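Each chain is listed here by its residues.
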Amino acid sequence: MKNLKIKFLDVLCAVVFVAVIVCSIFYAAGGKSTGAGNLVITSGSSEYIYPMDKNLVVEVSGKIGKTVVQIKNGQAFISDSPCPNKTCMQCKPVSGSMNVISCLPNGIFLRVEKVDDSTPDALSY
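Residues numbered from 1 in each chain as written. Predicted model: local features only at pLDDT ≥ 70, side-chain atom pairs only at ≥ 80, totals over all residues. Heavy atoms only, no water.

Asks: Which parts of the structure should I look at to understand the pattern of salt bridges?
Replies: Where charged atoms from two side chains of opposite charge approach closely, those side chains can pair. Applying the stated rule across the entire model yields 2 salt bridges. Residue E47 pairs with R111 through a salt bridge whose shortest N-O separation is 3.9 Å. Here E47 is found in strand β2 (residues 46–51), whereas its partner R111 is found in strand β7 (residues 108–113), with 64 residues between them in sequence. The salt bridge involving E113 is made with R111; its shortest N-O contact spans 2.9 Å. Given the relative accessible area of 34%, E113 is considered partly exposed. By relative accessible area, R111 is classed as partly exposed at 30%. (Salt bridge = Lys/Arg side-chain N within 4 Å of Asp/Glu carboxyl O. Helix = DSSP H or I, 4+ residues; strand = E, 2+ residues; numbered from the N terminus. Buried < 20%, exposed > 50% of the residue type's maximum accessible area, 1.4 Å probe, protein only.)

The following block contains the structure:
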């Protein structure tokens, strides 16, 4: 093998590549504006929409029972569920358009939709 020499342009390309990746991650993880948007709860063929700017407790019927969803301070989370492992209750609360919580055994999915569609999100591209 020949000796490989790293040149200035190689280092510059690597730095630009890493910077683009880091900026993309921050852009995709953005959109966490608390209190903005609507919570969309999907259960089977039903869909329920609630405002994220009000504190609410909602019971949603699923495949194996009722799941309790709370909206508090612009964040939504599952506070009780009949599923065996309770993994959905340990998920981080959703507050931005890139977050989802699902209770697979009960067939319930939570996501946040933005109200203001004037700016595209990472999924629009």
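Okay, back to it.
Asks: How should I be thinking about unusual backbone geometry in this particular structure?
Replies: Trans is the prevailing form of peptide bonds, just as negative phi is the prevailing case for residues other than glycine. One non-glycine residue, N73, lies in positive phi territory at about 55°. By secondary structure assignment, the location of N73 is in the loop between β4 (66–72) and β5 (75–80). Look at N73 and you get exposed, because its relative accessible area is 60%.

Asks: Could you clarify how one ought to interpret the sheet that holds β5 in this entry?
Replies: Through backbone hydrogen bonds, the strands of a sheet pair up, either in parallel or in antiparallel fashion. In space, the 3 strands of this open sheet follow the order β3-β4-β5, with antiparallel pairing throughout. Unpaired on one side and paired on the other, β3 (56–61) and β5 mark the two borders of the sheet. Ignoring which end each strand starts from, the neighbouring axes of this sheet average 30° apart. Bridge count between β4 and β5: 5 bridges; the pairing is antiparallel. Within the sheet, the bridge partner assigned to Q70 lies in β5 and is F77. (Pairing = 2+ DSSP bridges. Axes fitted to C-alpha atoms, helices over the stretch in contact; angles between N-to-C directions.)

Asks: I would appreciate a short explanation of the environment of D53 in the present structure.
Replies: The topology assignment puts D53 in the loop between β2 and β3. For D53 and N38, which are 15 residues apart along the polypeptide, the C-alpha to C-alpha distance reads 8.3 Å.

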